[in-house]
Amino acid sequence: MARKRFTRSLRFVLTASYALFFTLLISTVGLIFRQNLKSSLEQQLREGLDQEWGAVKGYLRIEKGRPLWYFDDQDDDEAGIVARLRRIYLLTDSNGVEKQASALYRTLGIDSPEEIRTTLRSQHTVWKEKRDPKGVPYLIRAGAIYDEQHHEMYYLALGRSSAESRRILQGFTWLMIGVIPLMILGGCLLGWIYAGRALAPVLHVAQAAQRISGSNLSLRIPTRDAGDELDFLIETFNQMIERLENSFRQVRQFSTDVSHELRTPITVIRGQLEVALFTARNTEQYREAIQDSMQEIERLSQIVRALLLLAQAETGQVVLQKSSVDLSAIARDMVDEFQIPAEEARVKLIAGEMPQECVGDLDRVQIERMISNLLSNALKFTPPGGQVTVSIVGRQNEAELHIADTGFGISPEHLPHIFDRFYRVTCADTLSSPEKGLGLGLSFVSWIVKAHNGTVKVSSTPGEGTEFVIALPAVAVAVNHF
């Protein structure tokens, strides 16, 4: 198992990949150099034979079918040149009858008459390779020469040993065989070292990740400020941890909220039932206790439903059903819907200035819930004789929904917390206790606004009133107003 894990490790895979690539690269380069060396040696050998071919024409004359060599035998240089030209040499007539041949050429084998006639008919230079009895290779240049005086054609073949070229090529090949494995081994070693260095930050990230648990999700892995892929991985991992932390926080908040908010109604229900059990004497008293308990149970059900809905919304389980709707029409409809509650509270509810049309890609149900929660709060905290105004201000690619009241207002110390769950504001001006309610309305408002990529602001002056301003982007606003 340990061996299997080792071969599957990223370091081993990177090193093996690097070694394979390096091997292919070095082998390819070596083969290319070998081929170039072979071509260069062969080209040099051919060029030497071409030069000797030209020299033969300067020293050899064929007179009446007899080959004669004209040179100064007293000149050592010329004598040496002619001796070298005649070392591997064959001259025949057009029928393949031998005129002259060196002893060394005879050991290579005299060309057949058919081969000679074929070469003369083609009138092209022919290159071929022959070997002596010991296996030494020779490169032969064969072709036609002419007796200009008698207009006759002869067959001439010159040769040179290619043993030295083969020895050089063989030496280079053995050098490749010996050096390339060492280079590959060195490359593998360097690849292993550098792969380890490259993966060391990944191991550090893994060790840091191991220290993160459900109890310390606030930890973050520090970036290396290198701007590379690993930093991007660290940033992505930190973002994932942040999302997990938010999820854990929501779960803990949900548990805390449930335990806190359900404790009171459950205690009340239990107390009422115990009192009824021990003190009730007639049916009316039992009925009254049951009615009170039913009210608390209904309140308990509302809390549970609201908490579940808010938890689902904040965890992304509630998907907005967006469509093209008119925000101005929704606002006017909600003002009309709340006229009866406003009259009961003796508060004047009016639709202020707003565009004739304010069309955007919105979730109608959630927008109506948002406006309903804000209007409920405004009516609740506005004394009789007060006023609540709903208006819309159009801006570039954005609409601002304003809901302002002339109520008791909110003290500055309460403003940062009004969107928190179950946070209730005590109206100090009326010396009342926190208003009855779930304390979740503004939490829903905050989520609905964020889900629409909007913003919500609140400004309030104690004793003068409060104004909520919700900005919703990507809303087309008509120019004309009521």
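Residues numbered from 1 in each chain as written. Predicted model: local features only at pLDDT ≥ 70, side-chain atom pairs only at ≥ 80, totals over all residues. Heavy atoms only, no water.

Undergrad: Would you mind going over the sheet that holds strand 11 (residues 387-395) in detail, with residue names and values included?
TA: Overall, mixed pairing links the 5 strands, which are arranged 9-11-12-14-13 in an open sheet. In this open sheet, the two strands that pair with only one neighbour each are strand 9 (348-351) and strand 13 (455-461). On average, each strand axis in the sheet is inclined to that of its neighbour by 15°, with strand direction left out of account. Inspection of the sheet shows strand 11 paired to strand 12 (residues 398-405) by 8 bridges, in the antiparallel sense. Bridging from a neighbouring strand, Val388 pairs with Asp405 of strand 12. Along the sheet face, helix 11 (residues 364-380) touches strand 9, strand 11, strand 12 and strand 14 (465-473) and points at about 25° away from the line of strand 12. (Pairing = 2+ DSSP bridges. Helix = DSSP H or I, 4+ residues; strand = E, 2+ residues; numbered from the N terminus. Axes fitted to C-alpha atoms, helices over the stretch in contact; angles between N-to-C directions. Contact = heavy atoms within 4.5 Å.)

Undergrad: Got a sec to walk through helix 5 (residues 113-122)? Specific residues and values, please.
TA: When helix 5 is considered as a whole, its buried residues turn out to be Ile116, Thr119 and Leu120. Here the buried residues of helix 5 occupy an arc of 95° about the axis, which is enough to place them on one side. Along its buried surface, helix 5 packs onto strand 3 (89-93), strand 5 (126-131), strand 6 (137-147) and strand 7 (152-161). (Buried < 20%, exposed > 50% of the residue type's maximum accessible area, 1.4 Å probe, protein only. Arc of directions from axis to C-beta.)

Undergrad: Quick one: what's the story with the sheet that holds strand 6, residue by residue and with numbers?
TA: Taking strand neighbours across the sheet as the criterion, the 5 strands line up as 4-3-7-6-5 in an open arrangement whose pairing is antiparallel. Every interior strand has two partners, whereas the edge strands, strand 4 (98-101) and strand 5, have only one. Pairwise comparison of adjacent strand axes, ignoring direction, gives a mean angle of 20° for this sheet. The pairing of strand 3 with strand 7 spans 5 bridges and is classified as antiparallel. Bridge pairing links Tyr89 to Leu158 in strand 7.

Undergrad: Give me unusual backbone geometry: which residues, what numbers.
TA: Here Gln123, not a glycine, exhibits a phi torsion of approximately 55°, which is positive. Within the secondary structure, Gln123 is located in the loop between helix 5 and strand 5. Residue classification places Gln123 among the exposed positions, given a relative accessible area of 52%. Of note, Arg346 is a non-glycine position whose phi angle comes to about 55°, a positive value.

Undergrad: Residues and numbers for the pairing of strand 1 (residues 60-63), please.
TA: The side-chain alternation of strand 1 yields one buried face, formed by Leu60 and Ile62, and one unburied face, formed by Arg61 and Glu63. Note that strand 1 and strand 2 (residues 66-69) share 4 bridges and pair antiparallel. The partner of Arg61 across the bridge, within strand 2, is Leu68.

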